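So you can see what is in the structure, the chains are spelled out below.
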Amino acid sequence: MRGTLTRRLGTYTLLATLILSYLFLYLPILHIGLGSFARNHTFPYPPRWTLDTFGRLFGNSLYQTAFFNSLVLGIGAAALATVLAAAATLGLMRHAGRRAGLYLALFIAPLFVAEVLVGIASLIFNGLLLQLQGNLVSAILANAVHCFSYALLIMATQLYRYDWRLDDAAMVFGASPLRTFFEVTLPLIWPGLLGAFVVTFIMAFNNLEISFYLLGATPTLPSVAWGALRYGVKPELYALATAVNLVVILGLGVMFVLMLTGKARFGHRPERARAV
Amino acid sequence: MKGRWAGRALLGVPTVFLLALFVLPLLSMVVLSFWRTENYHIVQDWNLGNYITLATGGAYVTFLIRSLVMAGVVSLVCILIAWPVSYAIILYGGRYRLLLTLAFAVPFLTGEVLRVIALQGLLGPVGLINAVLMALGSAPLRFIMYTNVASAIGLVYLYLPIVVTVIYLSLLNFDARLIDAAKIFGASPLRAFVEVTWPLNLFGTLIGFVLCFIPCLSATLVPRFLGGANGTLYGMAMAQQFGESGTWALGAAMGVVLFLTSIIAVLLVGMRVDLRRTGFTGFGRG
């Protein structure tokens, strides 16, 4: 009898922690989400609905330029990081041999260096040694360093069960390495690539700590938001945060639907469903 | 022959990329830390002045210690919360496990600035918590805004998602039949946890700790917008050297200190791990 009681207590504690953590994470987001749609934005309970804030946000040309720059930064850094990480993952798994540990240590080292240090170090390198002014390109390159390690991790978790005998089979039947890659490897690993691209895009799009030092005078959404935040929180910032949150949730929603319909699995392995 | 060439390109290009854009910049930061700045200009004479300033200027030592304590406390709190959360997701998540984990990652993916803005909406002087308290007729809580407590709450908010994800992945790859085996041989649930579950997931837990500790140690945004007058952390002070005060060389020295501190912390944590005891079998090339 006592056993079931403690077990039930354990269950409740676990579930309570879970729910409280979700509340902790989502309460601020929901709060500013409501606030951005309400006239009384500091305490929108009950909200008096309005779309003025969003109108002002989307009508503001600074935010428009910043959005476009962030988009370029995100796509550039994510594409670069994903392609490089794909090459690195394939290289690590197929060709590294005994030096795999060494390469892996280098490839994941950026994870263990704080973003702000990457930003500052790149600023010093570009500014002092190469005499380069900060611009979007330098920001893309520096962001790609940080994103690369995340992309590598995401792809490694996806690919470590990949059956390389499929490639060998294609080669045995006379396919060139390039053709093997495009007709066998790529179709099988694209969910990993897509996952890595999506995650690194979101990271680079939102990044401030690296980009801040390398952008020069180029505005991006986080840097504009940071600038505005110094003069106190305005309702436009609530609207901006809400808009970005909605886009991210939409993206994950699309991922979820793709998984549900079986178009892509994103690393979900049904055969392991009963672990723990 | 061809395969070898392909292997070299696959590994070589990312290596060159990282050497040029990651290792070289860090090295140039080290070099700059031994120069000095005068009136916003870099003077190339080798000296240890920056490090002497950092070691003797009481404020910098205080910032570093405060940052270390803050990062340690925040990482521990994150792990204490993340364990039950990921365990609950694994146990009761069923087929929605991935969705539940992704739901945890949503806030992580929306950018630090925007999350700090959201937190100000929650904790601020006229934020949700205080507005509710005042509507109920009680006094507003002063300690949750512009204090070190607020910074800590902010950092937990920022880095909890990644710790949860890491521990979740560790638990996902953990073979639960081992617990059953322990129980069959008469271990109590507590003993099974202490002797099987915990040590076998220690590696994942420590990775989560490190991935939370390092960014917390060099946090710049959170102390600036949530911390108060006594809330300056090392990363924030470092960022100021590159902004308002323009003393790049001193900032570079602070960067080196921060970098070394992170490395030492990682090594200290890493030394406590006996990889074989944690069930580590290689780099997943099986």
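Fair warning: this is a prediction, and the values are worked out from it, not measured in the lab. (Residues numbered from 1 in each chain as written. Chains lettered and ligands numbered in written order. Predicted model: local features only at pLDDT ≥ 70, side-chain atom pairs only at ≥ 80, totals over all residues.)

## A short note on the overall build of chain B
Step number 1: Scanning chain B for helices and strands turns up 13 helices and two strands.
Step number 2: Over its C-alpha atoms, taken along the principal directions, chain B stretches across nearly 80 × 70 × 35 Å.
Step number 3: Taking all contacts inside chain B whose residues are at least 6 apart in sequence as the whole, residues at least 24 apart take part in 70%. (Helix = DSSP H or I, 4+ residues; strand = E, 2+ residues; numbered from the N terminus. Contact = placed C-beta atoms within 7 Å.)

## Things to note about the UniProt feature "transmembrane region" (unreviewed entry) in chain A
Residues and elements named next belong to chain A.
Step number 1: Sequence positions flagged by UniProt for "transmembrane region" (unreviewed entry) are, in local numbering, residues 12-34, 66-90, 102-125, 137-160, 181-205 and 237-260.
Step number 2: Secondary structure content for residues 66-90 is 100% helix and 0% strand, while the C-alpha to C-alpha distance between its ends is 36 Å.
Step number 3: As annotated, residues 137-160 has a helix share of 96% and a strand share of 0%, and its two end C-alpha atoms lie 33 Å apart. (UniProt positions renumbered as here; feature names shortened; annotations may be inferred.)

## Regarding the interface of chain A and chain B
Step number 1: At the interface, 75 residues of chain A touch 77 residues of chain B.
Step number 2: Those elements that place two or more of their residues in the side of chain A that touches chain B are helix 1 (2-36), helix 3 (61-94), helix 4 (100-108), helix 5 (115-129), helix 6 (136-159), helix 8 (177-206), helix 10 (221-229) and helix 11 (235-260) of chain A.
Step number 3: A per-element tally of the side of chain A that touches chain B places helix 1 of chain A first, with 13 residues.
Step number 4: For the side of chain A that touches chain B, the class distribution of residues is 59 nonpolar, 13 polar and three charged. (Nonpolar A, V, L, I, M, F, W, Y, C, P; charged D, E, K, R; others polar.)

## Examining the UniProt feature "transmembrane region" (unreviewed entry) in chain B
Step number 1: Here the UniProt feature "transmembrane region" (unreviewed entry) sits at residues 12-35, 47-65, 71-92, 143-169, 200-226 and 246-269 of chain B.
Step number 2: Strand forms 0% of residues 246-269 of chain B and helix 92%; the C-alpha atoms that close the span are 35 Å apart.

## Remarks on the UniProt feature "domain: ABC transmembrane type-1" (unreviewed entry) in chain B
Step number 1: Look at the UniProt record and you will see "domain: ABC transmembrane type-1" (unreviewed entry) annotated at residues 64-269 of chain B.
Step number 2: With 77% helix and 0% strand, residues 64-269 of chain B has its two end C-alpha atoms placed 19 Å apart.

## Notes on the nonpolar core
Across soluble globular proteins, you tend to see nonpolar side chains buried next to one another.
Step number 1: A:Ala81, A:Ala85 and B:Cys216 are the most contacted members of the largest nonpolar core, which totals 153 residues.
Step number 2: The residues contacting A:Ala81, other than those within four sequence positions of it, are A:Ala144, A:Cys147, A:Phe148, A:Ala151 and A:Thr200. (Core = buried A, V, L, I, M, F, W, Y, C linked by C-beta atoms within 7 Å. Buried ≥ 20, exposed ≤ 12 C-beta atoms within 10 Å, placed from the backbone.)

## With respect to the packing of helix 10 (residues 202-217) of chain B against helix 13 (residues 248-271) of chain B
Helices that pack against each other are described as a pair by the angle of their axes relative to one another and the distance between those axes.
All names here are of chain B.
Step number 1: Axis separation between helix 10 and helix 13 bottoms out at 10 Å; the angle between their running directions is 165 degrees. Judged by the inter-axis angle, helix 10 sits roughly antiparallel to helix 13. For the crossing formed where helix 10 meets helix 13, the hand is right-handed. Contact with helix 10, carried on its side by Leu 206, Phe 209, Val 210, Phe 213, Ile 214 and Leu 217, involves Leu 258, Thr 261, Ser 262, Ala 265, Val 266 and Val 269 of helix 13 and no other residues of that element. (Axes fitted to C-alpha atoms, helices over the stretch in contact; angles between N-to-C directions. Parallel < 35°, antiparallel > 145°, perpendicular 65-115°, else oblique. Left-handed = near helix turned anticlockwise from the far one by under 90°.)

## Remarks on the confidence of the model for chain A
Residue and element names in this part refer to chain A.
Step number 1: When pLDDT is averaged across chain A, the result is 83; 93% of the residues are at 70 or more.
Step number 2: At the low end of the mean pLDDT range in chain A sits helix 2 (residues 52-59), at 80; at the high end sits helix 3, at 91.
Step number 3: Under a pLDDT of 50 for its full length, residues 270-276 has, in the predicted model, nine contacts with residues more than four places off or in other chains. (pLDDT = per-residue confidence, 0-100.)

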